[in-house]
Every structure is written in C-alpha cells, then in structure tokens.
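# Understanding the architecture of this molecule
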Amino acid sequence: MTDIASWDWDIGEKSISVAPWKDQFRWVEELYVSPDGERVAAIVNIDEGEFGVCVNGEAWESHFDKIWYLRFSPDGRLTALVSDGGEWTVAVDGEAWENRFGYVWNTLFSTDGRHIAVAAQQDMQYAMALDGAMWEKRFANMTDFALSRDGLHAAAAVQVSETGEADLVKFQAGCYSAALDGKVWDTAFVNVWHPVISPDGTRLAAEVRQTLYDYTIAVDGTPWGQTFASVWEPIFHPNGAVIAPVRIDGSWTLAADGTPIWEQRFVQAWHQMISPDGTRLAAVVSPRYGLWTLALDGIPWTTTVNEMVTEAVFSPDGQHLAAAAKHDGRWSMLVDDRRWEQAFDRIWAPVFSPDGKVLVARVKAGGRDRLAVNGRLRPEAYENLWPPVFSPSGDRVMLRGIQDGTYHRRILPLDQLLA
C-alpha cells in the first residue's frame, strides 16, 4: 500500500499558479494531481508534432511526437503513454522505457505503484508489457487486462486460434482463453471476459461462455460445474472462494464457486464487493424493474433510486456502506440505507474517514466543483476538485483543487472540515 503516513500532513496550504501555463505553451490539456497533492501536471503542446509534460510549471526535458493517458502512480510517479519516432512506450517522470512497441494502452499500477503494466501491440501481435518487458508469447487479439496487487503478474483475455469472419463452427468450438504471465489456459471457450487475479497473484478467474447459451466462471482454466444464462465479473474472497453474479431462471443472485449463496433474487445484481475484514458481502442490485439500491449480505436496502447506483464502497472499518446514486436526474449519496437529502448535478465516489464516521464526496453544483461532508455542502467552489484524502489517524484531511487559475493543496483539521 502507498505509505500516506510519510506525506506532509502539517496544517496549512501550498499553491501553484497554473494559469500562466497557457501563455507558456501552445495549448495545455487536462490537469492531473499526484496522490500526495504535491505535484500538478498536464500534457502540453510545445510545437507542431512536439509534446511535453509540464509539472509544477516546469516542463520535462524529454519531448515526444504524441503523449496521452497521463497518470500518477500510487507512489507518486508521473506516467504517460508516448510516441517517439512513431514507436510507442511508457515514460515515467520523463524517462521512457527502453523497449518500444507498435502501440500501448491501458496503464495499470500495482497497489504500491512500484510496478507498471500496459497492453502492447508489436507487429500486429498483442501481449502485456510489465515494467517494459513484453510477454514472449504473443496473441492475435487481446482484451480485458489485469495486474495483480503486488504488480508481479499480468493477465488478459486472449484469442488462441484464428477464425474467418463467417467460420461459425470454429468460433463455437472455442477461440478464446485467458493468459496469466503469458501462459495460456489449456481450455478454450467461445468467449472470455474480465480476468481477475487472486490477491496472492497465483490464481486467475474469468467470465466464460462455453456455448452460445451457457455461461459460467472459469478458475485457472477449469469452469465451474454449473452453467447459467449469464454471469458477471468474478472476485476472489479472502477465504479463496470465487464469487460472481449469476442469472438463474430469469433473475440474478450471487454464487460462490458455482453455488448460489444469496436466497434473494433480483432483476439485476453486479459490482459485488467484500468488506475490508472479509466478513460482509454487498452488491449493486435492482430489486424491482427500474429501481436500484445496494444489497448487504443478500438483503436489499429499502431506499431505492430510479436511475443508477455506482461507485459503492465500504468504510475502512467495514461498518458502513455508501454509493453514488442518481434519482430523477439528480445525484446524491446512499449511505447505510438512507439517501442524503441534498441532491447535486453530479457526485463522485464516496470517501470515508478511517473510523467511518465522516463521509465526503466531490460534487458538481451550479456548474462548480464543491465538497459535500456528511450530506452538507461546503461553501468553497472550485474549477476542479480532486478526491479528498484523510490522514491515517483521521484527524486531518487533504483538499486538492483549482481556484481562479491556481492549484491549492490544503490540509485542514477534521473539526474545521465539519464546521
């Protein structure tokens, strides 16, 4: 995990003016902020066919033909996908990987940020590239990428045999499988989606279609003994079980290792998640057509919305559950089976304090970014605001936002946030 305790948590403010960047460069693209809030960066155009990255007002010495997908890693390094002489690679804090590829996309980071992976194409063959090294095994097609928590293992859904556009017999026999670290499962399927690596990096699960009408979950290449009308993306439980939403007789529930574990059935169930201590299981569900909510341990909340529930998270202590929710065209927050009274133009992922007692979220209200704390809208308005971060002890919070062309990093005591 990222060591946020080592960040500067002194009460106070740091500011960086970003407005002058527009005069310094031909154009400035979207701004990104480092996890610790110390750096703000953007892709900039220097000249025709010449791009760079500006960080805290200083441009990288390295320039490239094209740059896209600027992202900070969890450990604070700044990464970008760059084209150098028509070949693509990854640049980290301005230093490009030694290996070059025909194309790269979909940057993934380990939990601590030390390892970086991308999907890569070389000579019209596809493979994952981990820390600059591409799998030796290449594939005709590759989708749905994954990186283990420790960043030592990468996976993808891959095409293992070629078929013509009209070769339905060969397609139905199975042309797709999954690969972990370039090693392909022995079994091929009609389709494979959303491979997921176990927390220890040793196992791989994925959605698979065995026939045109039969779906299930495969783990390390072995499908569950039961098939279903449909399935969604699996997850690994800390106890080793694989849990996935499955469709049975026209309705949805959750199954573990192929066996349904929730008695309740739903119009839809997906995005399942496990509490940090591993004792509780939740999912986004539709208890009735057109209504959405969360179900906790198989029991749906009574509070529903009529458009969408997303970005669901448990509090760090596992005692609270919240999600962004859209109802009648307006966004709010569902928290422990209640909906905030105030609604907004948009709301982003909930952020809990370490003890779960404070819930904050970035919201859009009146065309400006604002911060909502336990359902109450704070007065400060921003041109852009990034997710707040609580200190490890929970007594302070970091706010990162743009106001009047200046980036501000503010550390507030908790009582001031709640005032």
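Parameters and conventions
- Residues numbered from 1 in each chain as written.
- Predicted model: local features only at pLDDT ≥ 70, side-chain atom pairs only at ≥ 80, totals over all residues.
- Heavy atoms only, no water.
- Helix = DSSP H or I, 4+ residues; strand = E, 2+ residues; numbered from the N terminus.
- Rg over C-alpha atoms; globule rule 2.2 N^0.38 Å.
- Buried < 20%, exposed > 50% of the residue type's maximum accessible area, 1.4 Å probe, protein only.
- Areas by Shrake-Rupley, 256 points an atom, 1.4 Å probe, with all protein chains shown as cover.
- Lys, Arg positive; Asp, Glu negative; His and termini not counted.
- Charge placed at Lys NZ, Arg CZ, Asp CG, Glu CD.
- Contact = heavy atoms within 4.5 Å.
- Pairing = 2+ DSSP bridges.
- Polar contact = N/O pair within 3.5 Å; in protein donor to acceptor, adjacent residues only side chain to side chain.
- Salt bridge = Lys/Arg side-chain N within 4 Å of Asp/Glu carboxyl O.
- Phe/Tyr/Trp six-rings, centres within 6.5 Å; stacked < 30°, edge-to-face > 60°.
- Lys NZ or Arg CZ within 6 Å of the ring centre and 35° of its normal.

### Section: the overall build of the chain
- Along the chain, the regular secondary structure elements total 3 helices and 42 strands.
- Taken against the 2.2 N^0.38 rule, which gives 22 Å for 419 residues, the C-alpha radius of gyration of the chain at 23 Å falls within 12% of a compact globule.
- Reported as C-alpha extents along the three principal axes, the dimensions of the chain are approximately 60 × 55 × 35 Å.
- Counting across all 419 residues of the chain, residues that qualify as buried make up 52%.
- When the accessible surface of the chain is summed, it comes to about 19,000 Å², and 48% of that surface belongs to carbon and sulfur atoms.
- For the chain, the centre of its 36 positive side-chain charges and the centre of its 57 negative side-chain charges are spaced 6 Å apart.

### A closer look at the environment of V208
- Relative to the helices and strands, V208 resides in strand β19 (residues 204-209).
- Expressed as a C-alpha distance, the spacing of V208 and V192, which sit 16 residues apart in the sequence, is 4.5 Å.
- Discounting residues that sit within four places of it in the chain, V208 has contacts with W185, F189, N191, V192, W193, D214, Y215, T216, I217 and A218.

### Considerations on the pairing of strand β3 (residues 40-47)
- In terms of burial, β3 is a largely internal element, 6 of the 8 residues being buried.
- One ladder, built from 5 bridges, connects strand β2 (residues 27-33) with β3; its direction is antiparallel. Bridging across to β3, W27 finds its partner in N45.
- The loop that links β2 with its antiparallel partner β3 comprises 6 residues; one of these, G37, has a positive phi angle of about 80°.
- As judged from the 6 bridges shared by β3 and strand β4 (residues 50-55), these two strands associate in the antiparallel manner. Its bridge partner being in β4, N45 is matched across the sheet by F51.

### Considering the side chain of R362
- Following the sequence through the fold, R362 ends up in strand β37 (residues 359-365).
- For R362, a relative accessible area of 17% gives the class buried.
- A polar contact is formed between the side chain of R362 and the backbone oxygen of L385, at a distance of 3.0 Å.

### Some remarks on the pattern of salt bridges
- Enumeration according to the criterion identifies 17 salt bridges in this entry.
- Put simply, D93 and R39 hold a salt bridge, and the shortest N to O gap is 3.5 Å. Of this pair, D93 sits in the loop between β8 (87-92) and β9 (95-96) while R39 is found in the loop between β2 and β3, placing the two residues 54 residues apart along the sequence.
- Judged by its relative accessible area of 36%, D93 falls in the partly exposed class.
- Here R378 and E380 are joined by a salt bridge, their closest N and O atoms 2.5 Å apart.
- Judged by relative accessible area, R378 falls into the buried class, the value being 6%.

### Describing the packing of aromatic side chains
- Enumeration according to the criterion identifies 17 aromatic pairs in this entry.
- Measuring from centroid to centroid gives 5.7 Å for W68 and Y69, while their planes differ by 65°, and the two rings are edge-to-face.
- Centre to centre, the rings of W262 and F266 are 6.3 Å apart; their planes meet at 70°, and the pair counts as edge-to-face.
- Take W262: its relative accessible area is 6%, and that puts it in the buried class.
- Taken together, the ring pairs in this structure connect W68, Y69, W88, Y103, W105, Y126 and F145 into an aromatic cluster.
- A cation over a ring is seen here: R71 above Y69, with NZ or CZ 3.9 Å from the ring centre.
- One cation-aromatic arrangement involves R346 over W331; the distance from NZ or CZ to the ring centre is 4.5 Å.

### Comments concerning the sheet that holds strand β15 (residues 154-159)
- Ordered by their spatial adjacency, 4 strands build an open sheet running β14-β15-β16-β17, and the pairing between neighbours is antiparallel. Two strands in the sheet have a free side with no partner beyond their single neighbour: β14 (142-147) and β17 (183-184).
- Inspection of the sheet shows β14 paired to β15 by 5 bridges, in the antiparallel sense. Bridge pairing in β15 places F145 opposite A156.

### Topic: the sheet that holds strand β21 (residues 222-223)
- With antiparallel pairing, the 4 strands of this open sheet are ordered in space as β18-β19-β20-β21. With partners counted over all chains shown, the strands left at the sheet margins are β18 (191-197) and β21, one partner each.
- Of the strand pairs in this sheet, β19 and strand β20 (residues 215-219) are connected by 5 bridges, and their pairing is antiparallel. Note that in β20 the partner of R209 across the bridge is Y215.

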